[in-house]
2 protein chains.
Amino acid sequence: MEQWSLRAAIEGYAAHQIKGISIWRDKLADCGLKDAITLLKEYDMSVTGLCRGGMFTATTQQRRDLAIDENKRALDEAAAINANCLIMVCGGLPGESKNIKEARRQIEDGLASILPHARSVGVPIAIEPLHPMTAADRACINTLEHALDLCDILGEGVGVAVDVYHVWWDPKLESQISRAGDRILGFHLSDWLVPTNDLVWDRGMMGDGVIDIPQIRNWVEASGYRGFNEVEIFSKQNWWKQDPNVVIETCIERYDKFV
Amino acid sequence: MEQWSLRAAIEGYAAHQIKGISIWRDKLADCGLKDAITLLKEYDMSVTGLCRGGMFTATTQQRRDLAIDENKRALDEAAAINANCLIMVCGGLPGESKNIKEARRQIEDGLASILPHARSVGVPIAIEPLHPMTAADRACINTLEHALDLCDILGEGVGVAVDVYHVWWDPKLESQISRAGDRILGFHLSDWLVPTNDLVWDRGMMGDGVIDIPQIRNWVEASGYRGFNEVEIFSKQNWWKQDPNVVIETCIERYDKFV
């Protein structure tokens, strides 16, 4: 919840009987790792994932190395708060580059570089395929199929996060979710609004858009997923401007109807 | 060119030694079919495609039948102006539907229904996969792979239009262009801007964005395509507000550098 500090979010979620939270690193830094651990324990709150690692693409090897170091620190934090996974937003085209193949190579390299550390601290890496409209500036991994191809190459310790907002349109979604099997590490919910006025910050509340969420949920559960179903609504103009408690109440009400 | 009538466009393109034009049906209607035919002949202008057929998805069978009738009329027009193909924007989710599988079934049905007419008037149907961000409201065919799967099912008389704007992000683009072979009926050019401020009307001039157009062109030509390379820049806030002759001159200059 953008409006809340991590402390306020943990307390607020707990007050609404929500048992899990996805934590963003900036909020974690504001709170402090030690206080965060104490709060999570006090409220018996599971951490579905730490957001986010990734951003492996850069114009120089030096910068790519810095990104790898940063990802290792993120893995350490994820381990410290016992996060179920580290969510990867892999990175877009670096600088003025038009070479998406090279960007994807950098992503694969970056993931391979941090994987031994991920395994050693016991935190699975969740590659999140992002909507193709974000390929230029956020992530060049844009289909579940592509993310799973990477998982196949990288091996143990790597899985995927399925966000309905990013993948709902994909004609191969059902087959790829089935292929994913126990590699699904997170399942994220929101809705696709018509019209959509911003490529990143205009997500809808479940029920306000066109995504058949129960259908995708069925596929994800049929694949064996038993983790949290996580609401994630980037909404600068609407939900992020509202009273967080009203947002949570709305999420719960909509979850019962539309998830 | 949005700013021009069909007559002005044919005359304007000819003045810049452009030999081909893609014609939109509303502009054709404004001009009148008979005058359009005369003009095209007078200026020896090839018609790369008629835009557009499709929009097969609807909430009732009656409306879907009307769409099929409309597509047959579009095919007749395409035949009359000797268009190389009828471009298909297949249609999004109808009404309040969240059933993208059903929408795709309706699209397949619609294409199958008009195919005998297309064959009899000798106009190939070009399925244009549209960017996934348009799946809800414009077209549920969103990858070249999916479009080619449809071509495989439908058989002779159906091909694809490859628009770099819609497909540049696709990790399977190279392999699917190769698979397409002689079924590529059109090749459309523009560029993906960073940031992109509108999901439809904010396309960039070649060179102003991140698409590696020469790479995609190489793949398309390696597949055997020898048709026109067609500039198509939907740009309500920029290029559509400028002097059309300046736009054309810019297109020609950028084409030489970035295509």
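The rules behind these values
- Residues numbered from 1 in each chain as written.
- Chains lettered and ligands numbered in written order.
- Predicted model: local features only at pLDDT ≥ 70, side-chain atom pairs only at ≥ 80, totals over all residues.
- Heavy atoms only, no water.
- Buried < 20%, exposed > 50% of the residue type's maximum accessible area, 1.4 Å probe, protein only.
- Helix = DSSP H or I, 4+ residues; strand = E, 2+ residues; numbered from the N terminus.
- Contact = heavy atoms within 4.5 Å.
- Pairing = 2+ DSSP bridges.
- Axes fitted to C-alpha atoms, helices over the stretch in contact; angles between N-to-C directions.
- Least-squares fit on C-alpha atoms with pLDDT ≥ 70 in both.
- 1 Å grid on protein atoms, 1.4 Å probe; cavity = no way out; pocket = protein on both sides within 12 Å on 5 of 7 lines; lining within 4 Å.
- Points joined across faces, edges and corners; volume = space filled by probe spheres on them.
- Nonpolar A, V, L, I, M, F, W, Y, C, P; charged D, E, K, R; others polar.
- Polar contact = N/O pair within 3.5 Å; in protein donor to acceptor, adjacent residues only side chain to side chain.
- pLDDT = per-residue confidence, 0-100.
- Buried area = accessible area lost by both parts, 1.4 Å probe.
- Salt bridge = Lys/Arg side-chain N within 4 Å of Asp/Glu carboxyl O.

Engineer: What am I meant to see in helix α1 (residues 6-15) of chain A here?
Structural biologist: The periodicity of an α-helix, 3.6 residues per turn, causes residues three or four positions apart to be oriented the same way. Residue and element names in this part refer to chain A. Residues of α1 that are buried: L6, A9, I10, G12 and Y13. Of the surrounding elements, those touching the buried residues of α1 are β1 (20-24), α2 (25-31), α3 (33-42) and α10 (244-258). Of the residues flanking the end of α1, it is Q17, one or two places downstream, whose phi is positive at about 60 degrees.

Engineer: Would you explain the sheet that holds strand β5 (residues 158-163) of chain A in this entry?
Structural biologist: Two orientations exist for strands paired in a sheet by backbone hydrogen bonds: parallel and antiparallel. All names here are of chain A. The sheet built from seven strands is open, its strands ordered β1-β2-β3-β4-β5-β6-β7 with parallel pairing. The strands lining the two open edges of the sheet, one partner per strand, are β1 and β7 (229-231). Averaged over all adjacent pairs, the angle separating strand axes in this sheet is 30 degrees, with direction ignored. Two strands pair when backbone bridges link them, and β5 and strand β6 (residues 184-189) are joined in this way by four bridges, in the parallel orientation. The residue bridging D163 from the neighbouring strand is H188, located in β6. This element, helix α5 (residues 100-121), spans β3 (86-89), β4 (125-127) and β5 of the sheet and lies at about 150 degrees to β4. In the packing of helix α9 (residues 213-222) onto the sheet, contacts are made with β5, β6 and β7, and the angle to β6 comes to roughly 170 degrees.

Engineer: Got a minute to help me understand the relation of the copies chain A and chain B in this structure?
Structural biologist: Between the two copies of the chain lies a rotation about an axis combined with a shift along it. You can overlay chain A on chain B at an RMSD of 0.0 Å; the transform is a turn of 180 degrees with a shift of 0.0 Å along its axis. In symmetry terms, the pair is related by a two-fold rotation axis. Most of the interface of chain A is mirrored in chain B: 100% of its interface residues are interface residues there too.

Engineer: Would you mind showing me how to read empty space enclosed by the protein here?
Structural biologist: The method is simple in principle: a probe with the dimensions of a water molecule rolls over the atoms, and the space it marks as empty is what remains. Inspection of the entire model under this criterion finds one cavity of 30 Å³ or more. Roughly 90 Å³ of internal volume is contained in the largest cavity. T143, E145, W169, D170, P171 and K172 of chain A together with T143, E145, D170, P171 and K172 of chain B are the residues that line the largest cavity. Looking at the lining of the largest cavity, its residues break down into three nonpolar, two polar and six charged.

Engineer: Is there a simple way to explain the side chain of T196 of chain A in this structure?
Structural biologist: Turning to its location among the elements, T196 of chain A is positioned in the loop between β6 and α9. For T196 of chain A, a relative accessible area of 9% translates into the label buried. Within the structure, T196 of chain A has its side chain in polar contact with the backbone oxygen of L193 of chain A (distance 2.5 Å). Those residues in contact with T196 of chain A, other than ones at most four positions away along the chain, are Y165 and D202 of chain A together with L199 of chain B.

Engineer: What should I look at first to understand the confidence of the model for chain A in this one?
Structural biologist: Parts of the prediction with low pLDDT should not have their coordinates interpreted in detail. Chain-level pLDDT for chain A is 97 on average; 100% of the residues reach the 70-or-more range. Across the interfaces of the predicted complex, the ipTM metric reaches 0.96, alongside a pTM of 0.97.

Engineer: Please clarify how the pairing of strand β1 (residues 20-24) of chain B should be interpreted in this entry.
Structural biologist: For a regular strand, side-chain orientation follows a simple rule: the groups alternate between the two sheet faces. All names here are of chain B. Most of β1 is tucked away: four of the five residues are buried. Note that β1 and strand β2 (residues 46-54) share five bridges and pair parallel. From the neighbouring strand, S22 faces β2, where its bridge partner is G49.

Engineer: Any chance you could explain the pairing of strand β5 (residues 158-163) of chain B here in plain terms?
Structural biologist: Residue and element names in this part refer to chain B. Burial within β5 is extensive, with six of its six residues counted as buried. Sheet topology places strand β4 (residues 125-127) next to β5; three bridges connect them, and they run parallel. Each bridged residue has a counterpart across the sheet, and for I127 the counterpart in β5 is V160.

Engineer: How do you make sense of the interface of chain A and chain B when you look at a structure like this?
Structural biologist: A common measure of how large an interface is: the accessible area buried when the components associate. The interface is formed by 33 residues belonging to chain A together with 33 residues belonging to chain B. When the two sides are added together, the surface that chain A and chain B hide from each other amounts to roughly 2,400 Å², 66% of it contributed by carbon and sulfur. Summed over the three residues of chain A that lose the most area to chain B, namely K98, W169 and L199 of chain A, the buried surface amounts to 24% of that side. Counting every contact that joins chain A to chain B gives two salt bridges. Seen at the junction of chain A and chain B, the total is four residue pairs in polar contact (both at pLDDT 80 or more).

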